[in-house]
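Here are the chains, one letter per residue:
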Amino acid sequence: HQRKSYKLRRRLFTGLNYLRLRYGLPIPSFFLASIQSGIRNSFILFDTVREITGKQIVTDSTKTYQRGIDLYMAKPNQTRIILLSRDGRGFIHSNIKRKLFSIDQSITNWKKIYEKALPMLQKLVQKEHYLKVRYEDLAGETHNELSRICKFLGIGYERQMIEFSSKVNHATNGNNMRFLPDPTIHTDDTWKESLSERTLRIFEERAGAMNKTLGHN
């Protein structure tokens, strides 16, 4: 029961925070206290990591757009947003392989994220603080794309940046490739051969326009 009530509260607070961010509605601070506390704690963690490692930049691989925007709005002068997107058809194929959702639900979930996220990013994040990156470019032209990202962040690019195994890592989650001796990133485009014509047609009808908005043709 506690887990169920926690999920319900979280959905309520997330929904209210969405209304605040998207439409500027005034929301009583009580409902946002846990979210704001989480953001403050995140910056304490970031500052601690930077102090211990001597690094200038900390990357937060946030998976939810609301958290990313909340972080940015808390400290816009020292926060930058990088929106990493993958061709929606690749996302759908991944869900099908892992049997997470049906085709219809996968398309709905994928499209809904960007329908909500893009307007808020455009409204709340300064243009020069926001960069779109395609997974296909990052995997296929890794050095060129990382150079573009580094330029956006105002730092120099060094090829050693992707030599994960040469550095000390303290991993709590993420991709196991960080521990492999070969740092090469391989593009996974198996969806091109695996998705049926019917699935591709359904995706194009329902989410093709959004896919193109993100730069995936």
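Everything numeric here is computed off the predicted structure, so don't read it as measured data.

## Overview of the packing of helix 4 (residues 88-98) against helix 5 (residues 103-124)
Thought 1: The N-to-C vectors of helix 4 and helix 5 enclose an angle of 135°; their axes lie 10 Å apart at closest approach. When the axis of helix 4 is compared with that of helix 5, the two are oblique. You can see that helix 4 and helix 5 cross each other, and the crossing is right-handed. Of the residues in helix 5, those touching helix 4 at G88, F91, I92, N95 and I96 are I103, S106, I107 and W110.
Thought 2: Of the residues that constitute the contact of helix 4 with helix 5, the class distribution is 6 nonpolar, 3 polar and no charged.

## Regarding a nonpolar patch on the surface
Thought 1: There is a patch of nonpolar side chains on the surface, built from I57, I82, L153, I155 and M161 and spanning about 360 Å² of accessible area.
Thought 2: Position of M161 among the secondary structure elements: in the loop between helix 7 (142-153) and helix 8 (191-194).

## Focus: the side chain of N17
Thought 1: Inspection of the secondary structure puts N17 in helix 1 (residues 2-23).
Thought 2: Exposure remark for N17: the relative accessible area of 1% places this residue in the buried category.
Thought 3: Leaving out residues up to four positions away in the same chain, N17 has contacts with L32, I35, Q66 and D70.

## What to know about the packing of aromatic side chains
Thought 1: Summed over all chains, the structure comprises 6 aromatic pairs.
Thought 2: Consider the rings of Y18 and Y23, whose centres lie 6.3 Å apart with planes at 85°: the pair is edge-to-face.
Thought 3: One aromatic cluster in this structure is built from F13, F30 and F31.
Thought 4: Residue placement shows K116 over the ring face of Y18; its charged tip is 5.3 Å from the ring centre.

Calculation notes
Residues numbered from 1 in each chain as written. Predicted model: local features only at pLDDT ≥ 70, side-chain atom pairs only at ≥ 80, totals over all residues. Heavy atoms only, no water. Axes fitted to C-alpha atoms, helices over the stretch in contact; angles between N-to-C directions. Helix = DSSP H or I, 4+ residues; strand = E, 2+ residues; numbered from the N terminus. Parallel < 35°, antiparallel > 145°, perpendicular 65-115°, else oblique. Left-handed = near helix turned anticlockwise from the far one by under 90°. Contact = heavy atoms within 4.5 Å. Nonpolar A, V, L, I, M, F, W, Y, C, P; charged D, E, K, R; others polar. Patch = residues over 30% accessible without salt bridge, like charges linked within 9 Å, V, L, I, M, F, W, Y side chains within 5 Å. Areas by Shrake-Rupley, 256 points an atom, 1.4 Å probe, with all protein chains shown as cover. Salt bridge = Lys/Arg side-chain N within 4 Å of Asp/Glu carboxyl O. Buried < 20%, exposed > 50% of the residue type's maximum accessible area, 1.4 Å probe, protein only. Phe/Tyr/Trp six-rings, centres within 6.5 Å; stacked < 30°, edge-to-face > 60°. Lys NZ or Arg CZ within 6 Å of the ring centre and 35° of its normal.

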